[in-house]
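Residues per chain, in single letters:
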Amino acid sequence: MWRTELNLETEANQRRSITWRGLFFLTIFVSFGYVFMEWLFIITKPSFLTNVSWLVKFGTFVFVSACVTSFSLILVSCLYLIEKILKNSNIKKIVFYLACFVPAIILASLILLLFDNFTYTMFQFGIVSTTGFLRAIYGLGFIIVIILISWKMRSWAKSVGSGITNRVSNTKIGAVTIILLVLAILVPLIHQTNMTDAISGYKTEKTNGQLPNIFLITADGLDADHMSIYGYDRTTTPFLDGWKNQSLLIENGFTNSAKTTGSIISILTSKYASDTRVLYPPDILTNEDSYQHLPGILKSLGYYTIQYGQSYYADAYAQNLLKGFDEVFNSSVEKSNYLEYLNSILPEEIANFIYDLFNRITDRLFHIFFLRTMDNVYSQVTGTNSRFDDFLKIQDLVRLIENEQQPLFVHIHWMGTHGGLFYPREQFFSVGTDISNQNPWSADFYDDMILEFDKTIQGIVDVLEENNLDDNTIIVIGSDHGQKWVANKRLPLIFHFPQGEYAAQLNMNGQNIDIAPTLLDFLGVKIPNWMHGISLLKENNNQRLVFSLDVKPELAQNGDIENTKHVEYTPPFFQFGKISLIDCDRFYELQLDEGFNLESSMIENYDTQCDYQVSSDKEAVRLMIDHLAQNKFDTSTLEEWVTSIPNP
């Protein structure tokens, strides 16, 4: 009798051991499967892994898989050890079922992501589109899937455990766990980088000991031709009009990228998009470009640096601008600290993959459980949302000014002028027109938004005056691109220095890449040789050629930037669809699609006398080819095509 009970207990222990072994195996399989499917999703769309070698791609997968699997195995192992200590068989069962939740949650999360990807691809509908009751349905469905998988996990584990019990010992499973743990900590320990040195060693030659605040304010899609300070017949900028003789005003300012992301990065780095390869999400800065930028230099001088941007499109963290901003205010603000930490200990490809892996699932889970609404950023920038949160940015800026403890560098990207629909708080030029029935790109509503932008600038200046900071603050007014995402429109470029210093009206062509060098020159900081722009404080009346880049048209029209079908980046020009050249008032645009095509036109409302540098279409193309070649593009196909252009 005693032996029978002992045998029964031994058999029960063996069954439990087999089942636990199966659960460990399933945990490894599910963890690797989850990371693999997310990795496959990332590498099959334009992303930070697009142009790296397959060795880097595979290494990223292996390392992150090891991390996720190790973490999952540790959780299951802790519950396994608890189960071994316990005596009560019923409690042992409860602990085992709790352990089943680990692979069940991972598998349910993968199912949720795959389902969301599928519905977006096929029907343009997904979690981010849900509100109210539909959000709750997703949340309830997720819980039900976890419970069902957990319930089935015991039988799966028993079946798998029975199948491998004669092939894989517990010792081998333990060895696999140890190997994964070693692999998961190996890369952070051996990874070393001196990239942060790219922004160290800067100093100011100013002797007064008081650095001025710098407010860089870029309005989205703002044409100078619609601003009265630039001669527009409507008084859309009454406050800025009073600055005309007190500021450095560039009559002919132009962008270096026809898309917001590329333009903002060019402004902050003073580099061409052809150099950084950043034009449009999910493009990101890599290698030394991540650390070579204006906010990083200012931060090293003692500035407190803040960006009030737009998620994904004008987002320092989304574009991997590192060691630059102390705070970034948009939907990614709460994620910024751990991204900075990941980039400090890991290669950037791995850091960004972990960042994406975590955010893709947490954003959706927070949304379906009503913890935080998931931003539909594409919907915002296509104008389907009624208003942007511009005034929330200003409210926080006021708080910042009133509590200023050190010099401030603030970048504000104002979205109210974005279009194609505009939602002014007060109607002036559009009075009498129903705001809900406006036509896209209405000039009246657009002018109302410019007037609102002007009033906002006045409000910021009023707060500075109230806090006695107006005489120690530089305000720069600019824009990312012309209305409707073009590069051939004059943009505002205004520098208002303390006491009206350097006040002048420059007729030479200015560029957005000139903003950072101009500010550094004013501060008495040596302009680094990696900046492509020049200081506009120097006397230089020579016209300069302006280069600008744009994406393939289909890439910018593909809907939601994360979930819909993406255009593949293919050599030799990858995501770059156009390159343009401005020579005084002449605009040349070269299509980089197969077959190529050159178009030329004149810049509207350009009244500066021109001394042209480009003598023919062929020379314009040659200059654009040289620009691409200097930035390591394969231009051999263009070289063949340019021979077909007749000589002048």
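Before reading on, note that the structure itself is shown above.
Residues numbered from 1 in each chain as written. Predicted model: local features only at pLDDT ≥ 70, side-chain atom pairs only at ≥ 80, totals over all residues. Heavy atoms only, no water.

A.B. asks: Before we go on, may I ask you to explain the sheet that holds strand β6 (residues 473–479) in this structure?
C.D. replies: Backbone hydrogen bonds hold the strands of a sheet together, and the pairing may be parallel or antiparallel. Spatially, β4-β3-β5-β1-β6-β7-β2-β8 is the arrangement adopted by the eight strands of the open sheet, whose pairing is mixed. Because the sheet does not close on itself, it has two edges, and the strands there are β4 (327–329) and β8 (504–511). Recorded for the sheet is a direction-independent mean angle of 15° between the axes of neighbouring strands. Sheet topology places strand β2 (residues 248–254) next to strand β7 (residues 494–496); two bridges connect them, and they run antiparallel. The residue bridging leucine 249 from the neighbouring strand is isoleucine 494, located in β7. Running at roughly 170° to strand β5 (residues 408–414), helix α13 (residues 390–402) makes contact with β1 (213–219), β3 (304–308), β4 and β5 of the sheet. Relative to the sheet, helix α14 (residues 443–466) contacts β1, β5 and β6, its axis offset from that of β1 by approximately 170°. (Pairing = 2+ DSSP bridges. Helix = DSSP H or I, 4+ residues; strand = E, 2+ residues; numbered from the N terminus. Axes fitted to C-alpha atoms, helices over the stretch in contact; angles between N-to-C directions. Contact = heavy atoms within 4.5 Å.)

A.B. asks: What exactly am I supposed to notice about the nonpolar core here?
C.D. replies: By size, the foremost hydrophobic cluster in this structure holds 51 residues, and its most contacted members are Trp20, Leu23, Tyr34, Leu112 and Phe353. Listing elements by their share of this core, those giving two or more residues are α1 (2–43), α2 (54–85), α3 (89–123), α4 (132–164) and α11 (348–368). Leave out the neighbours within four places in its chain, and phenylalanine 353 touches Val35, Glu38, Trp39, Ile42, Phe48, Thr60 and Val64. With 41 residues, the next largest nonpolar core counts Val476, Leu520, Phe522 and Trp530 among its residues. (Core = buried A, V, L, I, M, F, W, Y, C linked by side-chain atoms within 4.5 Å. Buried < 20%, exposed > 50% of the residue type's maximum accessible area, 1.4 Å probe, protein only.)

A.B. asks: Please clarify how α11 should be interpreted in this entry.
C.D. replies: Counting along an α-helix, one turn takes 3.6 residues, and residues three or four places apart therefore face a common direction. Relative to the 30 Å expected for 21 residues at 1.5 Å per residue, α11 spans 30 Å between its end C-alpha atoms, a close match to the ideal helical length. Buried residues dominate α11, accounting for 17 of its 21 residues. Note on α11: the residue one or two positions beyond its end, phenylalanine 370, has a positive phi of about 60°. (Expected span 1.5 Å × (residues − 1).)

A.B. asks: Whenever I open this one, the state of the cysteines confuses me. Can you help?
C.D. replies: Disulfide: a covalent bond formed between the sulfur atoms of two cysteine residues. This model, assessed by the stated rule, comprises one disulfide. Across a sulfur-sulfur distance of 1.9 Å, cysteine 584 and cysteine 610 are joined as a disulfide pair. What sets the handedness of the cysteine 584 and cysteine 610 disulfide is the S-S torsion sign, and at about -90° it is left-handed. With a gap of 26 residues between them, cysteine 584 in the loop between β10 (576–583) and β11 (586–591) and cysteine 610 in the loop between β12 (597–602) and α17 (617–630) connect regions that are remote in the sequence. (Disulfide = S-S within 2.5 Å.)

A.B. asks: What is the right way to look at the sheet that holds β11 in this model?
C.D. replies: Overall, antiparallel pairing links the four strands, which are arranged β9-β10-β11-β12 in an open sheet. Two strands close off the open sheet at either side, each with one partner strand: β9 (546–551) and β12. For this sheet the average axis-to-axis angle between neighbouring strands, irrespective of direction, equals 20°. The sheet contact formed by β9 and β10 spans six bridges and is antiparallel.

A.B. asks: How should I be thinking about the packing of α13 against α14 in this particular structure?
C.D. replies: When two helices pack together, their arrangement is given by the angle between the helix axes and by the axis-to-axis distance. Interaxial distance between α13 and α14 falls to 10 Å at its minimum, and their mutual angle equals 15°. In terms of axis orientation, α13 runs roughly parallel to α14. The handedness of the crossing between α13 and α14 is right-handed. Note on element contacts: α14 touches α13 through Glu452, Thr456, Ile460, Val463 and Leu464, opposite Phe391, Ile394, Leu397, Val398 and Ile401. Broken down by class, the residue content of the contact of α13 with α14 amounts to eight nonpolar, one polar and one charged. (Parallel < 35°, antiparallel > 145°, perpendicular 65-115°, else oblique. Left-handed = near helix turned anticlockwise from the far one by under 90°. Nonpolar A, V, L, I, M, F, W, Y, C, P; charged D, E, K, R; others polar.)

A.B. asks: Would you mind going over the environment of tryptophan 441 with me for this structure?
C.D. replies: Inspection of the secondary structure assignment puts tryptophan 441 in the loop between β5 and α14. Judged by relative accessible area, tryptophan 441 falls into the partly exposed class, the value being 24%. Spatially, the C-alpha atoms of tryptophan 441 and glutamine 483 are 8.8 Å apart, while their sequence positions differ by 42 residues. Apart from residues no more than four positions distant in its own chain, tryptophan 441 is found in contact with His418, Gly419, Gly420, Phe422, Gln483, Lys484 and Trp485.

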